[in-house]
Amino acid sequence: MANILIIYSTTDGQTRDICLKLQEIIEQQQHQVTIVPIQDESDLELTGFDKIVIGASVRYGKHSPKIVDFIEKNQLFLESTPNAFFSVNLVARKPEKRNPENNPYLQKFLKQLSWTPNKLVVFAGKVDYPSYGILDRSMIRLIMWMTKGPTDPKAVIEYTDWNQVEDFGRIIGKM
Ligand SMILES: Cc1cc2nc3c(=O)[nH]c(=O)nc-3n(C[C@H](O)[C@H](O)[C@H](O)COP(=O)(O)O)c2cc1C
């Protein structure tokens with residue numbers, strides 16, 4: 001049985017939902033999973049964990065700077081422990097952008113770091129216009145219009161492929 005830590009950054013909850021699904025799948029393999037939001041990372045003692053997974057969503061082109069800080073601060077631990085990183089974004093609604101090599105945000109993120117995760121995954125996120133403030137809604141609709149995505153201000157569309165999330169959970173269990 002491995003003791004697995006999942007650290008995540010979310011704004012609207014989709015990355016957290018993905019973490020919860022990963023937890024369910026990994027625990028079915030008899031491992032123990034602890035999920036921690038990035039804002040609580042300072043309370044953590046990392047040395048008790050056998051594997052670490054980090055997940056973050058993209059907002060205006062970037063993953064949370066807190067995730068970058070966490071990685072830089074704990075790079076030695078990350079390099080000595082089986083690890084994975086996953087990104088959640090809307091450009092990945094296009095299947096070819098779920099390939100980590102073709103996902104511009106993930107590639108930009110990795111260039112910022114000297115850490116190379118053992119395993120990289122990109123999940124498509126969710127668009128939920130009614131829940132956004134007027135500025136965010138206008139900006140995302142503009143980006144969607146430019147990239148031929150949905151622009152109906154009432155649209156709520158979850159693009160996340162839960163089978164892909166489950167497959168990743170099984171990979172983490174075996175990692
Ligand atoms: C204000 C805002 C900015 C966003 N910026 C981007 C972006 O630059 N690129 C992208 O692919 N997705 C972008 N998204 C989509 C999010 O990555 C997607 O909604 C994801 O599911 C959010 O995950 P979270 O709920 O865990 O934060 C943005 C969403 C919002 C609300």
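Structure shown above.
Residues numbered from 1 in each chain as written. Predicted model: local features only at pLDDT ≥ 70, side-chain atom pairs only at ≥ 80, totals over all residues. Heavy atoms only, no water.

A. Spotlight on the environment of N102. Here N102 is to be found in the loop between β5 (83–89) and α4 (104–112). A relative accessible area of 37% places N102 in the partly exposed class. Taking C-alpha positions, N102 is 18 Å from K148, a pair spaced 46 residues apart along the chain. Ignoring any residue separated from it by four or fewer positions in sequence, one finds N102 in contact with E96 and K97. A polar contact is formed between the side chain of N102 and the backbone oxygen of E96, at a distance of 3.3 Å. (Helix = DSSP H or I, 4+ residues; strand = E, 2+ residues; numbered from the N terminus. Buried < 20%, exposed > 50% of the residue type's maximum accessible area, 1.4 Å probe, protein only. Contact = heavy atoms within 4.5 Å. Polar contact = N/O pair within 3.5 Å; in protein donor to acceptor, adjacent residues only side chain to side chain.)

B. Spatial organisation of the packing of aromatic side chains. All told, the structure shown has 5 aromatic pairs when counted by the stated rule. Between F85 and F109, the aromatic rings sit 4.5 Å apart at their centres with planes inclined by 25 degrees, giving stacked as the arrangement. With F85 in strand β5 and F109 in helix α4, this residue pair connects regions lying 24 residues apart in the sequence. The two residues F85 and F109 agree in class, both being buried. Centre to centre, the rings of F123 and F168 are 5.8 Å apart; their planes meet at 65 degrees, and the pair counts as edge-to-face. Of this pair, F123 sits in strand β6 (residues 119–124) while F168 is found in helix α6 (residues 162–174), placing the two residues 45 residues apart along the sequence. A relative accessible area of 0% means that F123 is categorised as buried. Following the ring pairs from residue to residue traces out a cluster consisting of F86, F123 and F168. (Phe/Tyr/Trp six-rings, centres within 6.5 Å; stacked < 30°, edge-to-face > 60°.)

C. Region of interest: helix α2 (residues 65–73). Along α2, the positions that sit buried rather than exposed are I67, V68, F70 and I71. Around the axis of α2, the buried residues are gathered within 160 degrees of arc, so they sit on the same side. Away from the buried face of α2 by more than 90 degrees, exposed residues P65, K66 and K73 are located. Along its buried surface, α2 packs onto β1 (3–9), β3 (51–59), α3 (75–79), β5 and α4. In this structure S64 caps α2, since a side-chain oxygen of it lies 3.0 Å from the backbone nitrogen of K66. (Arc of directions from axis to C-beta.)

D. Up close: the nonpolar core. With 24 residues, the main nonpolar core has I52, I54, I67, I71, F85 and F109 as its most contacted residues. For this core, the elements supplying multiple residues, two or more each, are β1, β3, α2, α3, α4 and β6. A per-element tally of this core places α2 first, with 4 residues. Those residues in contact with F109 that lie beyond four places of it in its chain are H63, I67, V68, I71 and F85. Formed by 18 residues, the second largest nonpolar core is a distinct cluster that contains V33, V53, A84 and V88. (Core = buried A, V, L, I, M, F, W, Y, C linked by side-chain atoms within 4.5 Å.)

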